[in-house]
Every structure is written in structure tokens, then in C-alpha cells.
Amino acid sequence: MSGMGDGYVGTAQDAVRIRRLEKQREAERRKIQELKTKSASAKGQPGLLQFGSSTSEILETAFKKETVGLVTREQYVEKRVNIQNKIEEEEKEKLQKLRQEEEELQLEKRKKRKIKGNPRLSFADDIENGSEEEDAEDSESKKLVPGKVGKDPTVETSFLPDSEREAEEQAERERLRKQWLREQEQIRNEPLEITYSYWDGTGHRRVIQARKGDTIGEFLRAVQQQLAPEFREIRTTSVENLLYVKEDLIIPHQHSFYELIVNKARGKSGPLFHFDVHEDVRTIADATIEKDESHAGKVVERHWYEKNKHIFPASRWEIYDPSKKWERYTIHGD
């Protein structure tokens, strides 16, 4: 039986297993020794793990080397303090170096991002050279207007949306709108001389001053005040019971002279935007040209109209409708 001379008692298989375990232990011991060797050689390099070499262990090792032999108590304390200060300074230098390397790495990353994001900018080379102050000045001086980058000034772009142009056009439209409103307000306040007849079967012609912006209701109120001293029935009636008839059309109270003038409204027998009285003075009649005549409007009581609306001229009268267009004027026809 093998192994008897060594005092071993067992089978051959046990011996093989024991030798295999011994080889494994030897390989592990060599591996641990190699790691310790590498740790000792890499001591002081940032970012590498030091096996079994903490700051206290390093301090003790250095202190033992410095205090070989007999030393006094003062020398012992001084050497220990010096060694500890030296180790702390080295640790600070290592930490500072790591921070500096980290800052340089971050700066390099930022430069690469800038170059990648702005490949066509003329100051990309300056970024690569690391001149940050010059880069900032160049970027400010060469900054392009937002929304205009890459546009060709020779290309027609009026059909494209443009917020700046739209804002300018909107401001111009608003200015013109306000200007138009001011002009129209001035027109409304302009004086208007109106010739009319109070009609009670016969005409009583009068002239009264009004404004172009006055409504028919306001005009009839002024007429009532003008006629009241002379006609008793006018004094006892209300404005709502007075009618204004112009060119054979009864104009409702809510319409204004300004509206009739601006729209150049037409009646059955003449224009509704002339309020004086004039006849066509042409010496030669031309059937192809419409007569230029304006007749005095009539102010009548509603009661008189209801009583005589079947008799000429009231039989020709009808309510004014802005949507109805009169292509030609007639005097006696329908």
C-alpha cells in the first residue's frame, strides 16, 4: 500500500485527492502573494486599490524604519509627527491631482459637445484650442437672429408664416382701423341741412339743421320742436307717431343719415343720400341717363298716413328695406 513509509494510512484515491488539494492551496497562496506585490508597487497611484495598506499601516511601517535603534522621547514624537504630516500632504496632493484630472476631463467633454453641436461656426477651431474667453466673445459677436439661421435672402418667403411680419401687419391694420374710426366720427359730427315738408294733405316746407350721425328719430324730435309753436296737432303727438318719408320710402326711426349717405341708398323716386331739393337742369333730355333730382322728404303723422294710405301719394309709400335695390327711379309708376 502506497504512503505506508510516510505514516499515511489510506487508499491511492485519497492520496491523489490530497495532492490535488495541496496544489490548489499552493496556487491560491501564489495568487495572494502576486496581489500583494502589485499593491505594493502601485502604491501612490490614484484609482488603484491597495490591498491591506491603509493609512495607519503605511504610517506604522514608515515610523518603524525611522526609529530603528535608540531614540529619545522628543525624537520619537517629532519623527512620528513629521511622518504623519508628510503622509497627509501626499494624500492631499493625490486628491488635488484627481480633482484636476476630473476637471480636465469634463472640460474636454464640453468642448467636444460644442464642436459637435456647431460644426459650421467659424470659431470652432478656437474651441479646440481651449481659448474659452475668446470663444465667448466670438459667439456673442457672431450670434445669429433666432429663426433666421440658414435662410437664403434671395428666396421668396412671403408665403411662409412669419411672426414678425404678421405682428407688423396687425399693428398697421389696427392703426388704419383707428384712423378710419376717427374719420368716420368726424363725418358723423359734420352739420347737415335738411329740407323737409310737414305733410297734412298739403306741404309746409321747412329747413332744419342736424348732424350726419343723427338718427331719424332724433331728427323727428327736432322737427317736432320746430313745428310745435305753429301746428297744434304736433304739440300733442309723440315722436313715435311721426313718420319721415323720403323718395316714397318710410325710413324707420333707428336708421341714421350717415348710414344712408355711406351706403348711397336709393329710393323709389330719387337718392336717399341727398337732403336738399334740386331738379335736373339739363336742357337736352337723354333717356339713357337717369335724372338727377332730389325731392324734399315729408314728415307726416302716423294717424294721417293710416287714414290716407290708399290715396296718392301715400299709396306709393312703403317701408325702407336696405336689402332691396331700386335699379331706376319712378315718379308716378309703381
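Cut-offs applied
- Residues numbered from 1 in each chain as written.
- Predicted model: local features only at pLDDT ≥ 70, side-chain atom pairs only at ≥ 80, totals over all residues.
- Heavy atoms only, no water.
- Buried < 20%, exposed > 50% of the residue type's maximum accessible area, 1.4 Å probe, protein only.
- Helix = DSSP H or I, 4+ residues; strand = E, 2+ residues; numbered from the N terminus.
- Pairing = 2+ DSSP bridges.
- pLDDT = per-residue confidence, 0-100.
- Contact = heavy atoms within 4.5 Å.
- Patch = residues over 30% accessible without salt bridge, like charges linked within 9 Å, V, L, I, M, F, W, Y side chains within 5 Å.
- Areas by Shrake-Rupley, 256 points an atom, 1.4 Å probe, with all protein chains shown as cover.
- Salt bridge = Lys/Arg side-chain N within 4 Å of Asp/Glu carboxyl O.
- Lys, Arg positive; Asp, Glu negative; His and termini not counted.
- Charge placed at Lys NZ, Arg CZ, Asp CG, Glu CD.
- Axes fitted to C-alpha atoms, helices over the stretch in contact; angles between N-to-C directions.

> I would appreciate a short explanation of the pairing of strand 3 (residues 242-246) in the present structure.
The side chains of a regular strand alternate, first on one face of the sheet and then on the other. With five of five residues buried, strand 3 lies mostly within the body of the structure. Residues of strand 3 alternate between two faces, with L242, Y244 and K246 on one and L243 and V245 on the opposite face, all of them buried. As paired strands, strand 3 and strand 5 (residues 297-301) are joined by four bridges and run antiparallel to one another. Bridged to L242 within strand 5 is E301. The sheet contact formed by strand 3 and strand 4 (residues 249-251) spans three bridges and is antiparallel. Of the residues in strand 4, the one forming a bridge with K246 is L249. Where strand 3 folds back onto strand 4 in an antiparallel hairpin, the turn is made up of two residues, including E247, whose phi is positive at roughly 55 degrees.

> Honestly, the confidence of the model for the chain in this entry has me stumped. Any pointers?
Low-confidence regions, as indicated by low pLDDT, have predicted coordinates that should not be scrutinised in detail. For the chain, per-residue confidence averages 76 on the pLDDT scale, and 69% of positions sit at 70 or higher. Note on residues 45-53: pLDDT under 50 across the span, and 12 contacts to partners over four residues away in sequence or across chains. A low-confidence stretch, residues 281-288 stays under pLDDT 50, and its non-local contacts, those more than four residues away or across chains, total four contacts.

> Where do I start with a negative patch on the surface in this structure?
There is a patch of like negative charges on the surface, built from E88, E89, E90, E91 and E93. In this structure, E89 sits in helix 3 (residues 73-117).

> Hey, could you run me through a nonpolar patch on the surface in this one?
A surface patch of nonpolar side chains, amounting to about 240 Å² of accessible area, comprises Y76, V77 and V81. Relative to the helices and strands, Y76 is located in helix 3. Exposure remark for Y76: the relative accessible area of 38% places this residue in the partly exposed category.

> How should a positive patch on the surface be read in this particular structure?
Together, K109, R110, K112, R113 and K114 make up a region of like positive charge exposed at the surface. Take K114: it is sitting in helix 3.

> I'm lost on the pattern of salt bridges in this one. Help?
Enumeration according to the criterion identifies 14 salt bridges in this entry. Between R175 and E172 there is a salt bridge whose closest N-O contact spans 2.7 Å. Residue R175 and its partner E172 are located together in helix 6 (residues 163-188), separated by three residues, close to a single helical turn. Look at R175 and you get partly exposed, because its relative accessible area is 42%. Residue R316 is joined to D248 by a salt bridge in which the shortest nitrogen-to-oxygen separation is 2.8 Å. Remark: D248 occurs in the loop between strand 3 and strand 4 and R316 occurs in the loop between helix 10 (302-308) and strand 6 (318-319); sequence separation between them is 68 residues. With respect to class, R316 is no different from D248; both count as buried. Connected through salt bridges with shared partners, the residues E26, R29 and R30 form a single ionic network.

> Would you take a moment to explain the sheet that holds strand 3 for this structure?
Either a parallel or an antiparallel arrangement is found when strands of a sheet pair, and the pairing is made through backbone hydrogen bonds. Taken in spatial order, the six strands of this open sheet run 2-1-5-3-4-6, and their pairing is mixed. The open sheet is flanked by strand 2 (203-211) and strand 6, the only strands paired with a single partner. For strand 1 (residues 191-199) and strand 5, the ladder comprises three bridges, and the chain directions are parallel. What sits directly across from Y196, in strand 5, is G297. Those strands touched by helix 7 (residues 216-227) are strand 1, strand 2, strand 3, strand 4 and strand 5, and its axis lies near 125 degrees from that of strand 2.

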